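Notes for the structure review
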Amino acid sequence: MHQPAGITGVVLADGEITWIHVYDQKGEELVTAKTSVDNPGYPVDLSLSDNGQLMAVSYLCVKDNQPASFMAFYNFGNTGQNQMDNQVSGYNYVGTLIPQVNYLSDSQTLAFSDNGFLTYSGKQIPEESNRITLDDDILSVFHDDQYVGMAYKTGKERSRMKSCFIRPVEPKRRSLR
(Lines give C-alpha, C1' and ligand atoms only; values in the text may rest on other atoms or scores of the structure.)
Protein backbone atom coordinates (compact mmCIF):
# COMPACT_ATOMS: atom_id res chain seq x y z
CA MET A 1 0.00 0.00 0.00
CA HIS A 2 1.43 3.39 -1.00
CA GLN A 3 0.37 6.73 0.45
CA PRO A 4 0.88 10.30 -0.81
CA ALA A 5 3.37 11.12 1.98
CA GLY A 6 5.65 8.36 0.67
CA ILE A 7 4.95 5.98 3.55
CA THR A 8 4.48 2.40 2.38
CA GLY A 9 3.03 -0.56 4.28
CA VAL A 10 3.35 -4.20 3.22
CA VAL A 11 2.02 -7.50 4.55
CA LEU A 12 4.28 -10.54 4.11
CA ALA A 13 3.18 -14.12 4.83
CA ASP A 14 5.78 -16.47 6.32
CA GLY A 15 4.08 -19.78 7.08
CA GLU A 16 2.12 -19.51 10.34
CA ILE A 17 3.43 -15.97 10.91
CA THR A 18 2.60 -12.79 9.02
CA TRP A 19 4.72 -9.65 9.11
CA ILE A 20 3.61 -6.05 8.65
CA HIS A 21 6.40 -3.69 7.58
CA VAL A 22 6.10 0.09 7.17
CA TYR A 23 8.76 2.06 5.28
CA ASP A 24 9.46 5.76 4.78
CA GLN A 25 10.23 7.55 1.48
CA LYS A 26 13.90 6.52 1.66
CA GLY A 27 13.04 2.85 2.17
CA GLU A 28 13.99 2.87 5.84
CA GLU A 29 11.87 0.63 8.03
CA LEU A 30 9.67 2.54 10.48
CA VAL A 31 7.65 -0.33 11.96
CA THR A 32 7.76 -4.12 12.01
CA ALA A 33 4.90 -6.12 13.52
CA LYS A 34 4.69 -9.89 13.87
CA THR A 35 1.17 -11.35 13.73
CA SER A 36 -0.40 -14.80 13.74
CA VAL A 37 -3.92 -16.11 13.32
CA ASP A 38 -4.10 -16.44 17.12
CA ASN A 39 -2.83 -12.95 17.97
CA PRO A 40 -4.28 -10.60 16.85
CA GLY A 41 -5.30 -12.38 13.60
CA TYR A 42 -4.39 -12.55 9.94
CA PRO A 43 -4.01 -9.04 8.46
CA VAL A 44 -6.47 -8.63 5.58
CA ASP A 45 -5.95 -4.94 4.73
CA LEU A 46 -4.14 -1.92 6.07
CA SER A 47 -4.23 1.80 5.45
CA LEU A 48 -1.97 4.64 6.54
CA SER A 49 -3.02 8.22 7.21
CA ASP A 50 -1.55 10.80 4.84
CA ASN A 51 0.81 12.08 7.52
CA GLY A 52 2.02 8.52 8.19
CA GLN A 53 1.29 8.80 11.91
CA LEU A 54 -1.73 6.45 12.04
CA MET A 55 -2.27 2.97 10.65
CA ALA A 56 -5.52 0.99 10.55
CA VAL A 57 -5.36 -2.79 10.12
CA SER A 58 -8.24 -5.20 9.60
CA TYR A 59 -7.44 -8.67 10.96
CA LEU A 60 -9.34 -11.89 10.26
CA CYS A 61 -9.63 -13.94 13.44
CA VAL A 62 -11.83 -16.38 15.32
CA LYS A 63 -13.85 -15.30 18.38
CA ASP A 64 -16.25 -17.62 20.20
CA ASN A 65 -15.72 -20.24 17.44
CA GLN A 66 -17.00 -17.79 14.80
CA PRO A 67 -15.17 -15.90 12.08
CA ALA A 68 -14.58 -12.32 13.17
CA SER A 69 -12.70 -9.16 12.32
CA PHE A 70 -10.52 -7.14 14.63
CA MET A 71 -9.92 -3.51 13.64
CA ALA A 72 -6.72 -2.19 15.19
CA PHE A 73 -5.45 1.38 15.15
CA TYR A 74 -1.80 2.24 15.68
CA ASN A 75 -0.32 5.66 16.43
CA PHE A 76 3.39 6.10 15.70
CA GLY A 77 3.51 9.58 17.31
CA ASN A 78 3.75 10.52 20.97
CA THR A 79 0.25 9.21 21.78
CA GLY A 80 1.16 5.65 20.84
CA GLN A 81 4.65 5.54 22.35
CA ASN A 82 3.42 4.27 25.74
CA GLN A 83 1.04 1.67 24.27
CA MET A 84 1.95 -1.93 23.54
CA ASP A 85 2.96 -2.13 19.85
CA ASN A 86 1.69 1.48 19.48
CA GLN A 87 -1.90 0.16 19.39
CA VAL A 88 -4.20 2.92 20.65
CA SER A 89 -7.63 1.36 19.97
CA GLY A 90 -9.20 -1.85 18.73
CA TYR A 91 -12.66 -3.23 17.98
CA ASN A 92 -13.96 -6.81 17.65
CA TYR A 93 -16.74 -7.65 15.19
CA VAL A 94 -17.87 -11.25 15.68
CA GLY A 95 -19.62 -12.72 12.63
CA THR A 96 -18.46 -9.85 10.41
CA LEU A 97 -15.63 -9.73 7.89
CA ILE A 98 -13.87 -6.45 7.05
CA PRO A 99 -11.90 -6.83 3.81
CA GLN A 100 -11.20 -3.17 3.02
CA VAL A 101 -9.89 -0.23 5.09
CA ASN A 102 -9.16 3.31 3.86
CA TYR A 103 -8.03 6.53 5.51
CA LEU A 104 -10.15 9.35 4.09
CA SER A 105 -8.15 12.01 5.97
CA ASP A 106 -5.79 12.15 8.94
CA SER A 107 -8.81 11.89 11.25
CA GLN A 108 -11.39 9.81 9.32
CA THR A 109 -11.18 6.08 8.52
CA LEU A 110 -13.60 3.99 6.45
CA ALA A 111 -13.93 0.20 6.73
CA PHE A 112 -16.15 -1.86 4.41
CA SER A 113 -17.63 -5.01 5.91
CA ASP A 114 -19.54 -7.93 4.44
CA ASN A 115 -22.78 -6.28 5.60
CA GLY A 116 -22.13 -2.52 5.27
CA PHE A 117 -19.47 -0.10 6.43
CA LEU A 118 -18.04 1.57 9.51
CA THR A 119 -16.31 4.88 10.04
CA TYR A 120 -13.86 5.86 12.74
CA SER A 121 -12.94 9.38 13.83
CA GLY A 122 -9.97 10.74 15.73
CA LYS A 123 -6.57 12.23 14.96
CA GLN A 124 -4.82 10.47 17.85
CA ILE A 125 -7.08 7.62 19.03
CA PRO A 126 -9.67 6.61 16.41
CA GLU A 127 -13.11 5.66 17.74
CA GLU A 128 -16.05 4.11 15.92
CA SER A 129 -18.35 6.92 14.77
CA ASN A 130 -20.74 5.25 12.28
CA ARG A 131 -22.03 1.76 11.63
CA ILE A 132 -24.25 1.29 8.58
CA THR A 133 -25.56 -2.23 7.89
CA LEU A 134 -27.45 -3.76 4.97
CA ASP A 135 -29.67 -6.80 4.99
CA ASP A 136 -29.04 -7.21 1.25
CA ASP A 137 -26.18 -8.74 -0.77
CA ILE A 138 -23.46 -6.15 -1.40
CA LEU A 139 -22.04 -6.40 -4.92
CA SER A 140 -19.65 -3.48 -5.03
CA VAL A 141 -18.39 -0.63 -2.86
CA PHE A 142 -16.76 2.67 -3.71
CA HIS A 143 -15.90 5.98 -2.05
CA ASP A 144 -14.18 9.32 -2.29
CA ASP A 145 -13.18 11.59 0.58
CA GLN A 146 -16.81 12.67 1.23
CA TYR A 147 -19.19 9.93 0.05
CA VAL A 148 -19.56 6.17 0.34
CA GLY A 149 -21.43 4.19 -2.30
CA MET A 150 -22.64 0.61 -2.47
CA ALA A 151 -24.33 -1.41 -5.17
CA TYR A 152 -26.43 -4.24 -3.79
CA LYS A 153 -29.10 -6.79 -4.69
CA THR A 154 -32.46 -6.48 -3.03
CA GLY A 155 -35.89 -8.09 -3.09
CA LYS A 156 -37.07 -11.57 -2.27
CA GLU A 157 -35.19 -13.21 -5.12
CA ARG A 158 -32.35 -10.69 -4.97
CA SER A 159 -33.15 -9.85 -8.58
CA ARG A 160 -33.19 -6.05 -8.32
CA MET A 161 -30.05 -4.00 -7.99
CA LYS A 162 -29.88 -0.70 -6.11
CA SER A 163 -27.19 1.85 -5.39
CA CYS A 164 -26.92 4.24 -2.51
CA PHE A 165 -24.61 7.13 -1.72
CA ILE A 166 -24.11 8.19 1.87
CA ARG A 167 -22.12 11.04 3.34
CA PRO A 168 -20.81 9.55 6.62
CA VAL A 169 -20.33 12.77 8.54
CA GLU A 170 -22.75 12.61 11.46
CA PRO A 171 -22.41 9.73 13.95
CA LYS A 172 -25.17 7.21 13.38
CA ARG A 173 -26.03 3.56 13.59
CA ARG A 174 -28.62 2.35 11.16
CA SER A 175 -29.73 -0.39 8.81
CA LEU A 176 -30.63 0.17 5.19
CA ARG A 177 -33.51 -1.84 3.79
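Residues numbered from 1 in each chain as written. Predicted model: local features only at pLDDT ≥ 70, side-chain atom pairs only at ≥ 80, totals over all residues. Heavy atoms only, no water.

1. Notes on a nonpolar patch on the surface
Going by this rule: Nonpolar side chains (Val, Leu, Ile, Met, Phe, Trp, Tyr) are joined into patches within 5 Å and like charges within 9 Å, using only residues with over 30% relative accessible area and no salt bridge. Note on areas: Shrake-Rupley with a 1.4 Å probe; residue coverage comes only from the protein chains shown. A pair is scored as a salt bridge if a Lys or Arg side-chain nitrogen falls within 4 Å of a carboxyl oxygen belonging to Asp or Glu. The way it works is that DSSP assigns letters per residue, a run of H or I at least four long becomes a helix, a run of E at least two long becomes a strand, and they are numbered from the N terminus.
Together, Val37, Tyr42, Val44, Leu60 and Leu97 make up a nonpolar patch on the protein surface, roughly 390 Å² of accessible area in all. Mapped onto the secondary structure, Val44 falls in strand β4 (residues 42-48).

2. Quick look at the packing of aromatic side chains
In this description, a pair of aromatic rings is defined by centroid distance and the angle of the planes. Short version of the rule: Think of it this way: a Phe, Tyr or Trp ring, Trp meaning its six-membered ring, pairs with another when their centres are within 6.5 Å, and the plane angle makes it stacked under 30 degrees, edge-to-face over 60, tilted otherwise. Burial classification: accessible surface area is computed with a 1.4 Å probe over protein chains only, and a residue below 20% of its type maximum counts as buried, one above 50% as exposed, and the rest as partly exposed.
On inspection of all chains with the given rule, the structure shows 4 aromatic pairs. The interplanar angle of 55° and the centroid separation of 4.8 Å between the aromatic rings of Phe73 and Tyr120 together place this pair among those described as tilted. Of this pair, Phe73 sits in strand β6 (residues 66-75) while Tyr120 sits in strand β10 (residues 116-121), and the two are 47 residues apart along the sequence. Summarising the burial analysis for this pair, Phe73 and Tyr120 share the class buried. Judged by centre distance (5.6 Å) and plane angle (40°), the rings of Tyr91 and Tyr120 are tilted. Remark: Tyr120 occurs in strand β10 and Tyr91 occurs in strand β7 (residues 87-94); sequence separation between them is 29 residues. Its relative accessible area of 22% is what places Tyr91 among the partly exposed residues. Residue classification places Tyr120 among the buried positions, given a relative accessible area of 0%.

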